[in-house]
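Residues per chain, in single letters:
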Amino acid sequence: MPQTQSASHEHATGQLAPVGVGLLGCGTVGLGVAKLLLSHADDYQHRIGRPLRLRRVAVRDASKARGLDPAHFTLNPEEVVSDPETHIVVEVMGGVEPARTLILQAIAHGKHVVTANKEVIARHGEEIFSAARAQGVAVFIEGTVGGGIPIIMPIKASLAGNRITQIAGIVNGTTNYILTAMTQKGEGLDTALAEAQRLGYAEANPAADVEAYDATFKMAILASTIFSHRVRVEDVYREGITHLTAADIRYARELGYVIKLLGVARHTDGQMQVRVHPAFVPKSHPLAHVNGVSNAIAVQGDAVGEVMFQGPGAGQFPTASAVMGDVLNIASDLQHANRLMGCLHTGHAAVGSIDDLFTQFYVRLLAKDEPGVIAALGNAFARHGISILSLVQKGEQDGLAEIVLVTHTARERAMRQALADLADHPTIQSIASVIRVEGLTA
Ligand code: NAP
Ligand code: HSE
């Protein structure tokens, strides 16, 4: 902490000087943080033994009505990161640049940093945490994953006594909101997405949500946290939800499943695997009942067994809650960068290919309604060692039969080969959907 005005204030008043908090961004999350800082000032002072003061707030458009004293705002973010009375810089502008450069500048100025920006941490965490370590400051990232759910701190601190073997769950609020609306109300994806945007859940570019980039960043962060090696974003297998149809959602229900966008990071038998994709989740599994903007993350530790974290996965005050938790944690111990909460990784994880995944599959296809179709299906799967658990011809449309099947557990590579064989078969018109069925056991 700089010794200038703060030290003289302490000397003159006998009280600990205020902790200055600067904001990079004042949109959905930033405004929530600013409001909490102002409305909970007395509680926070009581908790950390000194006042917390909102300092400069960087935005792009200072004329937007935000209900804060205009004196806080600046169009120059460098004023936030270099302000001598700011000790903690909160980055909630999103995206890679200028967020990355400003975080590094804040660190170079000796500021602690709190961010909810999963993209900048997933892509540049190594550079940011190395700079923070060299400077002896903290970078806390609770808001990057799970919105208001405490997950980074519990893994790094409360579960530090475990070897974590798997993290699996729903880590994007917008897509869970959309899938819930499609499942329960029969809404279309675009209508549900517009509502998620109105509620402040979606990313500035909502493709980040529906194409699962956001969930991929979060899984890269979670996997890096549990694997003791950094996981590159490009090593995380990614599939979004835009190809899901009302038919898939209906068949999932008929077969006893619910479709969820799942993130899975697993470390078993020396194999590391990190993936994000829609999956059939059995209705009996707790994740099948996590709806709306809620997220839920199940963590398996070798000592604790399975622990489930569930709560609001996005939104103004839930995310501001996570960010403020980090701010207060740092403010309560400004002199020390907590080693448990830091990042000490030196290498990158060797993440396995999705081709080596063993899982069940749901397949929906359109075929000519004529003899030999079922035999062609059976032969293609048998040739690649895949056994069919159930197969139903659901109906007939324009001379084409809609066939829905679920396989027993099979290797992904074999499944892709069987589907390629089927796509070439003269009786198969199209393979409409292929969705993994997750039992979620490690
Ligand atoms: P947002 O509503 O779009 O707000 C972004 C803020 O950053 C705005 O105030 C914007 O200024 C400011 N900004 C952007 N670029 C800037 C620049 N170059 N210079 C100065 N100011 C700039 O975004 P958000 O939803 O609060 O999300 C912020 C971050 O939190 C993102 O990384 C997001 O992934 C993450 N996050 C969001 C949620 C959520 O529920 N929304 C949850 C968890 C994490 P103007 O207002 O003047 O345009
Ligand atoms: N757009 C993100 C989501 C915000 O919907 O999960 C929370 O990280």
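Use the structure listed above.
The following paragraphs examine the structure supplied in this document. Quantities reported herein were computed from a predicted structural model and do not represent experimental measurements.

1. Some thoughts on the packing of aromatic side chains
(1) Moving on: Scanning the entire structure with this criterion turns up three aromatic pairs.
(2) Moving on: Ring plane angle 65° and centroid distance 5.8 Å describe the contact between Tyr 177 and Tyr 201, whose orientation is recorded as edge-to-face. Here Tyr 201 lies in the loop between helix H9 (189-198) and helix H10 (207-210) and Tyr 177 lies in helix H8 (residues 173-185), a separation of 24 residues in the sequence.
(3) Moving on: The exposure class assigned to Tyr 201 is buried, which follows from its relative accessible area of 17%.
(4) Moving on: One aromatic cluster is present, built from ring pairs that chain together Tyr 257, Phe 280 and Tyr 362.
(5) Moving on: Above the face of the Phe 73 ring, Arg 66 is positioned so that its terminal group lies 5.4 Å from the ring centre.
(6) Moving on: Above the face of the Tyr 213 ring, Arg 238 is positioned so that its terminal group lies 3.9 Å from the ring centre.

2. Topic: the sheet that holds strand S3 (residues 73-74)
(1) Moving on: Here we have six strands laid out as an open sheet, ordered S3-S2-S1-S4-S5-S6, and parallel in their pairing. Each edge of the open sheet carries a strand with a single partner, namely S3 and strand S6 (139-140).
(2) Moving on: Sheet topology places strand S2 (residues 52-58) next to S3; two bridges connect them, and they run parallel. Looking at S3, one finds that Val 57 is bridged to Phe 73.

3. Looking at the pairing of strand S4 (residues 88-91)
When a strand is regular, its side chains alternate between the sheet's two faces.
(1) Moving on: Burial along S4 is two-sided: Ile 88 and Val 90 facing one way and Val 89 and Glu 91 facing the other are all buried.
(2) Moving on: Both strand S1 (residues 19-24) and S4 contribute to a ladder of four bridges, which runs parallel. Opposite Gly 22, over in S4, you have Val 89 as the bridge partner.

4. Topic: the site of ligand 2
(1) Moving on: All residues in the neighbourhood of ligand 2 are listed as Lys 118, Asn 172, Gly 173, Thr 174, Tyr 201, Ala 202, Glu 203, Asp 209, Asp 214, Lys 218, Gly 313 and Ala 314.
(2) Moving on: One of the side-chain N or O atoms of Thr 174 is found 2.6 Å from an oxygen atom in ligand 2.
(3) Moving on: One nitrogen or oxygen atom from the main chain of Tyr 201 is found 2.7 Å from a nitrogen atom belonging to ligand 2.
(4) Moving on: For ligand 2, whose unbound accessible area comes to 250 Å², protein coverage reaches 93%.
(5) Moving on: Broken down by secondary-structure element, the contributors of at least two residues to the shell around ligand 2 are H8 and helix H11 (213-227).
(6) Moving on: Among the residues making up the shell around ligand 2, the classes are represented as three nonpolar, four polar and five charged.

So, how was this worked out
Residues numbered from 1 in each chain as written. Chains lettered and ligands numbered in written order. Predicted model: local features only at pLDDT ≥ 70, side-chain atom pairs only at ≥ 80, totals over all residues. Heavy atoms only, no water. Phe/Tyr/Trp six-rings, centres within 6.5 Å; stacked < 30°, edge-to-face > 60°. Helix = DSSP H or I, 4+ residues; strand = E, 2+ residues; numbered from the N terminus. Buried < 20%, exposed > 50% of the residue type's maximum accessible area, 1.4 Å probe, protein only. Lys NZ or Arg CZ within 6 Å of the ring centre and 35° of its normal. Pairing = 2+ DSSP bridges. Near = heavy atom within 4 Å. Polar contact = N/O pair within 3.5 Å; in protein donor to acceptor, adjacent residues only side chain to side chain. Areas by Shrake-Rupley, 256 points an atom, 1.4 Å probe, with all protein chains shown as cover. Nonpolar A, V, L, I, M, F, W, Y, C, P; charged D, E, K, R; others polar.

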